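# Structural description and commentary
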Amino acid sequence: MSISNKHLKTLEDESIYVFREAAAQFENPAILFSGGKDSIILVHLARKAFFPAKFPFPLVHIDTGHNFSETIQYRDQLVEKLDARLIVGSVQQSIDEGKAVEETGPGASRNWLQTVTLLDTIKKYKIDAAIGGGRRDEEKARAKERFFSHRDSFGQWDPKNQRPELWDIFNGRKNPGEHFRIFPISNWTELDVWQYLKKENIELPSLYFTHKRKVLDRDGVTLAYTNYIELHPNEKVYEKTVRFRTVGDATCTGTVDSAANNIDDIIAEIAASRVTERGNRSDDKRTESAMEDRKLQGYF
């Protein structure tokens, strides 16, 4: 076994261990599924962790209503293939019920509105462990997370009051109304993810590979032009060859210039990059502490 494969096997074993601990300690765990590469790997690891049993977790998708069509198509095909239960939390429903206020103007996005929908969905379905694909290399706020990340009865996270995880011992004890976020791939890097995707021959949405699409430039980010985006004065829509390093709400997920149409090309591209994958997310640029502010309120 090569050094690279040994490294990936170590990460895989660690993640599977975390999955099994979550299944053992919680009554109603679920996987937070965005349709992005990290949540796709979570599904793959969960299948491995409990094979040959039926896929053990429902998939929870918080639907902003501003999704890429490729993401929804991939999600539905995967759910059918797994014969899994799909739970969809609707941001539009939260807006209709007055629980969230739609942003207005050219820079409007629903990404920040996901928090209330996520917390309502967790409460409605009594999910006591929401398993997510957060990785510590993505962003400085996520670097503070534990594998088992406690949330209080309001769904909030306190980075200064986390439980130690010495010797891979996880403390999932909680009071009524509290829950945990579980991050099995915390120690993976973006490069690890792509090397594992190649090794395991995992299918991905076409968004991750180079393609031509209509785009616009805004605040240093090249966004895909969709019906959800209101143009600023003097903004121009043009066609460009791009791909996505991360997949999220279409109004804030930036593209990257790329000719990479296969995983080997993407691995080479990432190895040479000096910008993190979230460097092209406009929602992270609103404030210096944008991600941490959202996490403190209950965001993923």
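About the thresholds
- Residues numbered from 1 in each chain as written.
- Predicted model: local features only at pLDDT ≥ 70, side-chain atom pairs only at ≥ 80, totals over all residues.
- Heavy atoms only, no water.
- Buried < 20%, exposed > 50% of the residue type's maximum accessible area, 1.4 Å probe, protein only.
- Helix = DSSP H or I, 4+ residues; strand = E, 2+ residues; numbered from the N terminus.
- Domains from an automatic or database assignment.
- Contact = heavy atoms within 4.5 Å.
- Buried area = accessible area lost by both parts, 1.4 Å probe.
- Pairing = 2+ DSSP bridges.
- Axes fitted to C-alpha atoms, helices over the stretch in contact; angles between N-to-C directions.

## Quick word on helix H6 (residues 190–200)
Taken together, the buried positions of H6 are occupied by Glu-190, Asp-192, Val-193, Trp-194, Tyr-196, Leu-197 and Glu-200. Within two residues after H6, Asn-201 carries a phi angle of roughly 55 degrees, on the positive side.

## A word on the domain arrangement of the protein
You can read the domains of the protein as domain 1 (6–188 + 289–297) and domain 2 (194–285). Using C-alpha coordinates to define each centre, domain 1 is positioned 22 Å away from domain 2. If you look at the interface, domain 1 gives 37 residues, while domain 2 gives 36 residues. Between domain 1 and domain 2, a total of about 2900 Å² is buried, with carbon and sulfur atoms accounting for 57% of that surface.

## Observations concerning the sheet that holds strand E1 (residues 29–32)
Taking strand neighbours across the sheet as the criterion, the six strands line up as E3-E2-E1-E4-E6-E5 in an open arrangement whose pairing is mixed. Of all strands in the sheet, those bounded by a partner on one side alone are strand E3 (86–90) and strand E5 (148–151). Between one strand axis and the next, the sheet turns through 30 degrees on average, direction left out of account. Alignment of E1 against strand E4 (residues 129–131), held across three bridges, turns out to be parallel.

## A look at the pairing of strand E6 (residues 179–182)
A regular strand places its side chains so that they alternate between the two faces of the sheet. Neither face of E6 is open: one carries His-179 and Arg-181, the other Phe-180 and Ile-182, and all of them are buried. As defined by bridge partners, E4 adjoins E6 across three bridges and the pair is classed as parallel. What sits directly across from Ile-131, in E6, is Ile-182. Judged from the four bridges that link them, E5 and E6 form a sheet pairing that is antiparallel. Residue His-150 lies in a different strand from E6, and its bridge partner there is Phe-180.

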